[in-house]
Amino acid sequence: MARFELRLDADAVNALMAKAFPEADAAALGAVTALSPGRATLVRPFATHMLRPGRLVSGPTLMSMADSAAYALILAHIGEQLMAVTSQLTMNFLRGAKAGDITAEAELLHLGRRSAVCDVRLWTEAPDRLAAQAGVTYALPLS
């Protein structure tokens with residue numbers, strides 16, 4: 001297994017995300033609640049605008065959370081390089097996400113000079129009741 005080293009702590013990543021997206025409501029990005037080498041957990045508080053008909057969390061909301069989790073995890077490992085950009089996101093919807101806070105657990109699978117690859121798992125009920133899983137690749141800026 002690859003060894004990863006953190007460059008930023010959770011507070012620094014949350015501040016950097018707010019800097020990267022100054023127009024966004026901080027709650028909309030989710031907040032890093034746990035961070036360790038190669039892993040991050042983010043939580044996005046529930047809001048009714050996240051719901052689609054049927055009172056389930058919408059797909060675009062889950063996709064946004066997956067992307068935010070991957071970005072936060074990557075920034076924690078590469079530091080203040082805001083020009084890292086999503087180059088691929090594949091989403092697997094596993095079950096309807098009931099109304100509630102969204103938790104995303106991201107794992108760094110690869111961190112190279114040009115790209116980073118993450119696996120992100122999302123749920124609203126419990127980690128053993130996954131609502132979705134995403135594979136997210138980021139293109140990294142050249143240093």
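Data block above holds the structure.
All of these numbers come straight from a predicted model, not from anything done at the bench. (Residues numbered from 1 in each chain as written. Predicted model: local features only at pLDDT ≥ 70, side-chain atom pairs only at ≥ 80, totals over all residues. Heavy atoms only, no water.)

## Observations concerning the sheet that holds strand β5 (residues 85–93)
Reading across the sheet, the 6 strands line up as β1-β2-β6-β7-β8-β5 and stay open at both edges, with antiparallel pairing between neighbours. If you trace the sheet from one side to the other, it starts and ends with β1 (31–36) and β5, each paired once. Neighbour-to-neighbour, the strand axes of the sheet open up by a mean angle of 20°, direction not taken into account. Bridge count for β1 against strand β2 (residues 39–44) is 5 bridges, and the pairing is antiparallel. Bridge pairing in β2 places S36 opposite R39. Those strands touched by helix α3 (residues 59–78) are β1, β2, β5, β6 (102–111), β7 (115–123) and β8 (132–139), and its axis lies near 45° from that of β6. (Pairing = 2+ DSSP bridges. Helix = DSSP H or I, 4+ residues; strand = E, 2+ residues; numbered from the N terminus. Axes fitted to C-alpha atoms, helices over the stretch in contact; angles between N-to-C directions. Contact = heavy atoms within 4.5 Å.)

## Here we look at the layout of surface pockets
One number sums up the size of the second largest pocket: a volume of about 150 Å³. Elements with a contribution of two residues or more to the lining of the second largest pocket: α2 (26–29), α3 and β5. Looking at side-chain class alone, the lining of the second largest pocket contains 9 nonpolar, 3 polar and 2 charged residues. (1 Å grid on protein atoms, 1.4 Å probe; cavity = no way out; pocket = protein on both sides within 12 Å on 5 of 7 lines; lining within 4 Å. Points joined across faces, edges and corners; volume = space filled by probe spheres on them. Nonpolar A, V, L, I, M, F, W, Y, C, P; charged D, E, K, R; others polar.)

## Quick notes on the pattern of salt bridges
Evaluation of the coordinates by the stated rule reveals 5 salt bridges. The partner of K19 in a salt bridge is E80, and the shortest N-O contact between them spans 3.8 Å. You can see K19 sitting in helix α1 (residues 10–20) and its partner E80 sitting in the loop between α3 and β5, a full 61 residues away along the chain. Each of the two residues, K19 as well as E80, counts as exposed. In this structure, R39 and E107 form a salt bridge, with 3.7 Å as the shortest nitrogen-oxygen distance. Residue R39 is located in strand β2, and its partner E107 is located in strand β6; the two are separated by 68 residues in the primary sequence. Three or more residues are tied together by salt bridges with common partners; here these are K98, E125 and R129. (Salt bridge = Lys/Arg side-chain N within 4 Å of Asp/Glu carboxyl O. Buried < 20%, exposed > 50% of the residue type's maximum accessible area, 1.4 Å probe, protein only.)

## Remarks on α3
Its 20 residues give α3 an end-to-end C-alpha distance of 29 Å, which sits within 8% of 28 Å, the value for a rise of 1.5 Å per residue. The element α3 is extensively covered by neighbouring structure, given that 16 of its 20 residues are classed as buried. (Expected span 1.5 Å × (residues − 1).)

## Some words on the side chain of T103
Within the secondary structure layout, T103 lies in strand β6. The class of T103 is buried, set by a relative accessible area of 14%. Excluding residues that lie within four positions of it along the chain, T103 makes contacts with T41, L42, V43, R121, L122 and W123.

## Comments concerning the nonpolar core
With 41 residues, the main nonpolar core has I74, V120, L122 and Y138 as its most contacted residues. A total of 12 residues in this core trace back to one element, the largest contributor, which is α3. Among all residues touching Y138, those that are not within four sequence positions of it are D67, A70, Y71, I74, A84, V85, T86, S87, R114, S115 and A116. (Core = buried A, V, L, I, M, F, W, Y, C linked by side-chain atoms within 4.5 Å.)

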